[in-house]
Amino acid sequence: MIRMLLFIMVIGFVPTVSAQEKESLDLDALYQQIDYAICQSPQYVAKRKQQIAARQDSLLNEKSVEGRVLMAEKLFRLYEPYRNDSAIHYAELCISLADSLHRPDLIGRFRSMLAYQCSTSDMHAESLELLRRVDKSALDNTGLVDYYNAWMHVCGELGSYTQRNDVRHHYFDLQDHYRDSILMITKEGSDEWFHLKMDILSARRLYQDALELSNQWLQKVADSTHESAYAAFYRSMVYDHLNNHEMVRYWLGKSALDDIKCAVMNQASLLFLAEHLADDGDINRAHRYVEFAKECNLAFCPRMRYYQVNSVINVVEKSSQAAQSRANLILIIASIVIILLLLALFYTILLLRRKR
């Protein structure tokens with residue numbers, strides 16, 4: 001009875017994989033979908049370009065400044081995961097138009113959005129300068145969410161890159177502070193709320209709770225969108241903590257697939273998936289994925305960022321190791337064959353001498 005109770009308790013604490021995930025867990029089929037999506041990538045990019053062109057026409061034809069602000073912000077959102085320099089341009093245009101309207105609330109919100117965009121492309125000094133120019137008292141609730149979100153991101157980036165422990169702890173403490181600030185004011189059920197709650201639950205090692213929250217998030221977002229890719233990426237991180245290697249690959253693959261279909265150039269999931277595939281020994285596919293992701297990221301921003309460089313280097317190193325292992329194996333096999341041939345030749349010579 002005691003053994004049975006202990007078994008039940010252990011099972012109760014083991015995070016389970018949903019029946020839907022078990023049914024859909026076909027990694028080979030998922031990889032084939034990604035391969036096909038990569039081939040179709042020019043069509044997805046053309047679709048985004050059409051959306052951008054339509055918005056640009058609307059901006060040119062808009063007469064009122066208020067309307068131009070709305071159009072410029074929509075263009076910023078279209079460029080945000082697609083082209084970093086263009087996203088920065090339209091964020092700056094938003095700031096300029098808001099300034100002409102004498103709207104400090106909008107100026108602060110757009111500066112916060114621009115600061116976040118700068119932070120994602122390793123322009124941390126520019127991000128901090130923009131945030132320090134924001135008049136926090138003028139911001140409404142939406143502006144405060146963008147403001148705290150930008151601060152949270154840049155503090156996390158600075159904490160990750162420094163080699164000084166005291167500075168790292170300082171920035172991570174600030175990141176936690178701004179995360180708590182966002183949760184106090186953001187709308188429950190928003191994308192920001194979901195991903196921050198997932199961070200907190202994972203940090204507390206409440207992985208089953210994180211997976212249940214992830215279920216709600218995935219049900220909320222539409223399929224084949226950048227939002228669904230974001231939600232899938234966070235689910236993969238939970239499974240990574242649980243050392244569930246198959247589910248990590250599955251949800252990274254789902255995230256990468258949705259981002260490719262949305263012509264997202266700021267790729268992360270595909271790079272991380274390529275690293276896992278290289279670990280699995282699937283070097284050819286890992287190399288294809290990392291090359292495609294590298295091209296996308298260079299199109300988004302003209303230089304590779306720190307985590308992207310690491311992912312590319314890791315795959316290249318594993319590819320070189322695999323090539324070296326193959327070369328060594330071929331050398332060993334060739335040596336064995338040569339030795340066998342020499343032995344056969346020696347044996348043949350002995351037979352001929354005996355016959356003579």
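Quick note: structure is the one above.
All figures in this text were calculated on a predicted structure; none of them were measured in a lab.

Enquirer: Just checking my understanding: could you explain the overall build of the protein for this structure?
Expert: Helices and strands together make up the secondary structure of the protein, namely 17 helices and 0 strands. The buried share of the protein, taken over its 356 residues, is 45%. Once local pairs closer than 6 in sequence are excluded, the contacts in the protein between residues at least 24 apart make up 61%.

Enquirer: Whenever I open this one, the nonpolar core confuses me. Can you help?
Expert: Nonpolar side chains in soluble globular proteins generally cluster together in the buried interior. Among the nonpolar cores identified, the biggest contains 92 residues, and I34, F110, W151, I260, L270, L273 and Y289 are the most heavily contacted of them. Tallying contributions element by element places helix α9 (residues 141-161) first for this core, with 10 residues. If sequence neighbours within four positions are ignored, I260 has contacts with I34, A37, I38, Y44, Q267, L270 and F292.

Enquirer: How should I be thinking about the side chain of D146 in this particular structure?
Expert: When you line up the elements, D146 lands in helix α9. Of the side chains with opposite charge, R109 lies nearest to the buried D146, which makes no salt bridge, at 4.0 Å. Residue contacts for D146: discarding those within four places in its chain leaves R109, S112 and M113.

Enquirer: When you look at the packing of aromatic side chains in this model, what are you seeing that I'm missing?
Expert: Where two aromatic rings form a pair, the distance of their centres and the angle of their planes describe that pair. Applying the stated criterion across every chain yields a total of 13 aromatic pairs. With a centroid separation of 5.5 Å and 10° between ring planes, the pair formed by W151 and Y178 is classed as stacked. Pair noted here: W151 is in helix α9 and Y178 is in helix α10 (residues 165-185), with a separation of 27 residues, a long-range link. The exposure classification of W151 matches that of Y178, with both residues buried.

Enquirer: Would you explain the pattern of salt bridges in this entry?
Expert: Pairing is possible between side chains of opposite charge, provided their charged atoms come close. If you walk through the whole model with that rule in mind, you get 12 salt bridges. The salt bridge partner of R164 is D166, with a shortest N-O separation of 3.8 Å.

Enquirer: Even after reading the chapter, I still don't get the packing of helix α4 (residues 41-61) against helix α5 (residues 65-79), so can you show me in this structure?
Expert: A pair of packed helices is characterised by two quantities: the angle between their axes and the separation of those axes. The N-to-C vectors of α4 and α5 enclose an angle of 165°; their axes lie 9 Å apart at closest approach. In this view, α4 runs roughly antiparallel relative to α5, as classed from their interaxial angle. At the point where α4 passes α5, the crossing takes the left-handed sense. Of α5, the residues touching α4 (which contributes R48, Q51, I52, R55, Q56, S58 and L59) are R68, M71, A72, K74, L75, L78 and Y79. Split into classes, the residues belonging to the contact of α4 with α5 amount to 7 nonpolar, 3 polar and 4 charged.

Enquirer: How should the packing of helix α11 (residues 191-203) against helix α12 (residues 207-220) be read in this particular structure?
Expert: Two elements in contact, α11 and α12, have axes separated by 9 Å at closest approach and are oriented at 165°. The orientation of α11 with respect to α12, classified from their angle, is roughly antiparallel. When the axes of α11 and α12 are compared, the crossing they make is left-handed. Seen from α11, the contacting residues are D191, W193, F194, H195, K197, M198, L201 and S202; seen from α12, they are Y207, D209, A210, L213, S214, Q216, W217 and K220.

Enquirer: Can you walk me through α12 in this structure?
Expert: One full turn of an α-helix is made of 3.6 residues, so residues set three or four places apart face in the same direction. For α12, built from 14 residues, the straight-helix expectation of 20 Å at 1.5 Å per residue is met to within 8% by its first-to-last C-alpha distance of 20 Å. Those residues of α12 lying buried are Y207, A210, L211, L213, S214 and W217. Burial along α12 is one-sided: seen end-on, the buried residues are contained in an arc of 165°. Next to the buried residues of α12 lie α11 and α13 (226-241).

What counts, and where the lines are drawn
Residues numbered from 1 in each chain as written. Predicted model: local features only at pLDDT ≥ 70, side-chain atom pairs only at ≥ 80, totals over all residues. Heavy atoms only, no water. Helix = DSSP H or I, 4+ residues; strand = E, 2+ residues; numbered from the N terminus. Buried < 20%, exposed > 50% of the residue type's maximum accessible area, 1.4 Å probe, protein only. Contact = heavy atoms within 4.5 Å. Core = buried A, V, L, I, M, F, W, Y, C linked by side-chain atoms within 4.5 Å. Lys, Arg positive; Asp, Glu negative; His and termini not counted. Salt bridge = Lys/Arg side-chain N within 4 Å of Asp/Glu carboxyl O. Phe/Tyr/Trp six-rings, centres within 6.5 Å; stacked < 30°, edge-to-face > 60°. Axes fitted to C-alpha atoms, helices over the stretch in contact; angles between N-to-C directions. Parallel < 35°, antiparallel > 145°, perpendicular 65-115°, else oblique. Left-handed = near helix turned anticlockwise from the far one by under 90°. Nonpolar A, V, L, I, M, F, W, Y, C, P; charged D, E, K, R; others polar. Expected span 1.5 Å × (residues − 1). Arc of directions from axis to C-beta.

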